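# Topology and contacts: notes
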Amino acid sequence: GDQCRPVHLPDVPAGASGRIQPDQMSICGGDFTQVYSRPEQAGQWDAVVTCFFMDTAHNFVRYIEVIRSCLREGGVWINLGPALWHWADSHQYLGPDELSLEVSLEDIDRVSAALGFEVERTQTAKCHYTTNIKSMMHNVYDCDFSLRRKRKQQQ
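Report follows, based on the coordinates. (Residues numbered from 1 in each chain as written. Predicted model: local features only at pLDDT ≥ 70, side-chain atom pairs only at ≥ 80, totals over all residues. Heavy atoms only, no water.)

## Section: the environment of Cys51
Structurally, Cys51 is set in strand β1 (residues 45–51). For the pair Cys51 and Cys143, spaced 92 residues apart in sequence, the C-alpha to C-alpha distance is 9.9 Å. (Helix = DSSP H or I, 4+ residues; strand = E, 2+ residues; numbered from the N terminus.)

Below, the structure is given as structure tokens:
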């Protein structure tokens, strides 16, 4: 019964509505830091949204630096996700010259502030992850749900 119920997903490209122009939204496969640290991405975006993403970083500081670089002054970074750090056992398979930083949410707050972000809103959100809502078993994370704004440069 329930394991085979249909799930309907829209099959419409993001730009098909006419409300989103090609230069207003970007998503791509590949290494985030390589794609979005390119010079043509600098200061191009009003907002960056990260969803279940920050804890995929070997080096979260580099992720925040790239987010800051992409944003225009006054742009916003919206984050939703846990701080579980997927690289917790990386010492078993990373090379000797590769690091993995695993930090608390408070550390992310401190580093983002040092890199020019102001926290405007933050709360903890309970998020189901790969869960069948009708099942008796649920994976639920307590996630950071925050909005940070890139400070304007002082003249």
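Back to the write-up after that little detour.
## Details of the packing of helix α2 (residues 60–70) against helix α3 (residues 105–114)
At a minimum axis separation of 10 Å, α2 and α3 run at an interaxial angle of 40 degrees. If you check the angle between α2 and α3, you find them oblique. In the packing of α2 onto α3, the handedness of the crossing is right-handed. Mapping the contact onto sequence places Phe60, Val61 and Ile64 in α2 and Asp107, Ile108, Val111 and Ser112 in α3. Considering only residue class, the contact of α2 with α3 consists of five nonpolar, one polar and one charged. (Axes fitted to C-alpha atoms, helices over the stretch in contact; angles between N-to-C directions. Parallel < 35°, antiparallel > 145°, perpendicular 65-115°, else oblique. Left-handed = near helix turned anticlockwise from the far one by under 90°. Contact = heavy atoms within 4.5 Å. Nonpolar A, V, L, I, M, F, W, Y, C, P; charged D, E, K, R; others polar.)

## Quick word on the pattern of salt bridges
Should their charged atoms come close, side chains of opposite charge can pair. With the rule as written, the count across this model stands at seven salt bridges. With a shortest N-O distance of 2.9 Å, Arg72 and Asp46 are connected by a salt bridge. Taken as a pair, Arg72 in strand β2 (residues 71–81) and Asp46 in strand β1 lie far apart in primary sequence, 26 residues in all. The class for Arg72 is partly exposed, based on a relative accessible area of 35%. On the accessibility criterion, Asp46 (52% relative accessible area) is exposed. Residue Arg148 is joined to Asp109 by a salt bridge in which the shortest nitrogen-to-oxygen separation is 2.4 Å. Here the residue Arg148 occupies a position in strand β4 (residues 140–150), and Asp109 occupies one in helix α3, the gap between them amounting to 39 residues. Residue class for Arg148 comes out buried when judged on its relative accessible area of 1%. Ionic contacts of the salt-bridge type, sharing partners, join the residues Asp109, Asp144 and Arg148 into one network. (Salt bridge = Lys/Arg side-chain N within 4 Å of Asp/Glu carboxyl O. Buried < 20%, exposed > 50% of the residue type's maximum accessible area, 1.4 Å probe, protein only.)

## Regarding the packing of aromatic side chains
Applying the stated criterion to the full structure yields eight aromatic pairs. With a centroid separation of 5.0 Å and 15 degrees between ring planes, the pair formed by Phe52 and Tyr129 is classed as stacked. Separated by 77 residues along the polypeptide, Phe52 in the loop between β1 and α2 and Tyr129 in the loop between β3 (117–128) and β4 bring together distant segments of the chain. In this structure Tyr129 comes out as partly exposed when scored by relative accessible area, which is 37%. On the numbers, 5.5 Å between centres and 65 degrees between planes, the contact of Trp77 with Phe117 is edge-to-face. With a gap of 40 residues between them, Trp77 in strand β2 and Phe117 in strand β3 connect regions that are remote in the sequence. Each residue in the set Phe32, Tyr36, Phe53 and Tyr63 is aromatic and connected to the rest through ring pairs, giving one cluster. The cationic tip of Arg148 hangs over the ring face of Trp77; the distance from NZ or CZ to the ring centre is 4.9 Å. (Phe/Tyr/Trp six-rings, centres within 6.5 Å; stacked < 30°, edge-to-face > 60°. Lys NZ or Arg CZ within 6 Å of the ring centre and 35° of its normal.)

From the geometry alone we can't say anything about function, so treat these as descriptive.
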